[in-house]
Amino acid sequence: MSVEENIEAQRAAYGEQLSEIFGRVKQAFGMNQSELAGILGMSAPMLSQLNSAQRVKIGNPAVLQRLQSLDELAEQLDQGVVSRDEVPGRLEGIKASTGRFTRTTSMVSAEAGDAAVVAGMRHLLRAVASGQQIKEAAEQLESTAPALAEVLHTYGIGPVGPAHEHFTRHKDLF
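Just so you know, these numbers come straight off a predicted model, no measurement behind them.

A short note on the overall build of the chain
So, step 1. Counting its regular elements, the chain contains 11 helices and zero strands.
So, step 2. The linear arrangement of helices and strands in the chain, starting from the amino end, is α-α-α-α-α-α-α-α-α-α-α.
So, step 3. Computed over its C-alpha atoms, the radius of gyration of the chain comes to 16 Å, within 12% of the 16 Å expected for a compact globule of 174 residues.
So, step 4. Projecting the C-alpha coordinates of the chain onto the three principal axes gives extents of approximately 45 × 40 × 30 Å.
So, step 5. Relative to its full complement of 174 residues, the chain shows a buried share of 36%.
So, step 6. Long-range pairs, those at least 24 residues apart, make up 58% of the contacts in the chain between residues at least 6 apart in sequence.
So, step 7. A total of about 9800 Å² of accessible surface is found on the chain, and carbon and sulfur atoms cover 54% of it.
So, step 8. Computed over 16 positive and 21 negative side-chain charges, the inter-centroid distance for the chain is 6 Å.

Details of the confidence of the model for the chain
So, step 1. On average, residues of the chain score 85 in pLDDT, and 91% of them are at 70 or above.
So, step 2. Every residue in residues 101-112 scores below 50 in pLDDT, and together they form seven contacts with partners more than four places removed in sequence or on other chains.

Examining the pattern of salt bridges
So, step 1. Under the counting rule described, the total for this entry stands at six salt bridges.
So, step 2. The salt bridge involving R11 is made with E8; its shortest N-O contact spans 2.7 Å. With a gap of three residues between them, R11 and E8 both fall in helix α1 (residues 3-14), about one helical turn apart.
So, step 3. The partner of R122 in a salt bridge is E75, and the shortest N-O contact between them spans 3.0 Å. On the criterion of sequence distance, the pair formed by R122 in helix α8 (residues 114-128) and E75 in helix α5 (residues 61-78) is long-range, its members being 47 residues apart.
So, step 4. The class of R122 is buried, set by a relative accessible area of 0%.
So, step 5. By relative accessible area, E75 is classed as buried at 18%.

A few points about the packing of helix α9 (residues 131-141) against helix α10 (residues 146-157)
So, step 1. One can describe the packing of α9 onto α10 by two numbers: an axis separation of 8 Å at closest approach and a directional angle of 160 degrees. When the interaxial angle is binned, α9 and α10 end up roughly antiparallel. Of the two possible hands of crossing, α9 and α10 adopt the one that is left-handed. For the pair α9 and α10, the contacting residues are G131, I134, K135, A137, A138 and L141 in the first and P146, L148, A149, L152, H153, G156 and I157 in the second.
So, step 2. In terms of residue class, the contact of α9 with α10 is made up of nine nonpolar, three polar and one charged.

Rules and cut-offs
- Residues numbered from 1 in each chain as written.
- Predicted model: local features only at pLDDT ≥ 70, side-chain atom pairs only at ≥ 80, totals over all residues.
- Heavy atoms only, no water.
- Helix = DSSP H or I, 4+ residues; strand = E, 2+ residues; numbered from the N terminus.
- Rg over C-alpha atoms; globule rule 2.2 N^0.38 Å.
- Buried < 20%, exposed > 50% of the residue type's maximum accessible area, 1.4 Å probe, protein only.
- Contact = heavy atoms within 4.5 Å.
- Areas by Shrake-Rupley, 256 points an atom, 1.4 Å probe, with all protein chains shown as cover.
- Lys, Arg positive; Asp, Glu negative; His and termini not counted.
- Charge placed at Lys NZ, Arg CZ, Asp CG, Glu CD.
- pLDDT = per-residue confidence, 0-100.
- Salt bridge = Lys/Arg side-chain N within 4 Å of Asp/Glu carboxyl O.
- Axes fitted to C-alpha atoms, helices over the stretch in contact; angles between N-to-C directions.
- Parallel < 35°, antiparallel > 145°, perpendicular 65-115°, else oblique.
- Left-handed = near helix turned anticlockwise from the far one by under 90°.
- Nonpolar A, V, L, I, M, F, W, Y, C, P; charged D, E, K, R; others polar.

Dropping the structure here:
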């Protein structure tokens, strides 16, 4: 496959090119590529190949989970949900995480609270569809199922803050 085809495959798999995610995370935490690779638990050359779209997918589920956690933390930091003082400890926690498969949102909610449920919903949508696909689906549903369109938009492509607010308003439905 060509680099262009790999970029499109990354967009289909992750909703955006991995270099965009890596860049956003590195900028948020002021880290270089080697430091990011260390937190993710992958070699710097592998990260470089993913970043340049010489490779398409992250094969290790724990590494993917860490990247998702870093991206969420960057968003929380940007929105002021997490303070700069909390970042070093949170980064160490992400680095030490092994990734774990959870079976239901109720199990996640009991263990980690509302933030984990929101993160799980966001990760699920992003795992099954690209950002563009979610946006198109939300637009198609807007006139016939506006509440479902709102869920797709809020959890699938919107920032984490409004997703938390939406969940807080609707969690009594669970």
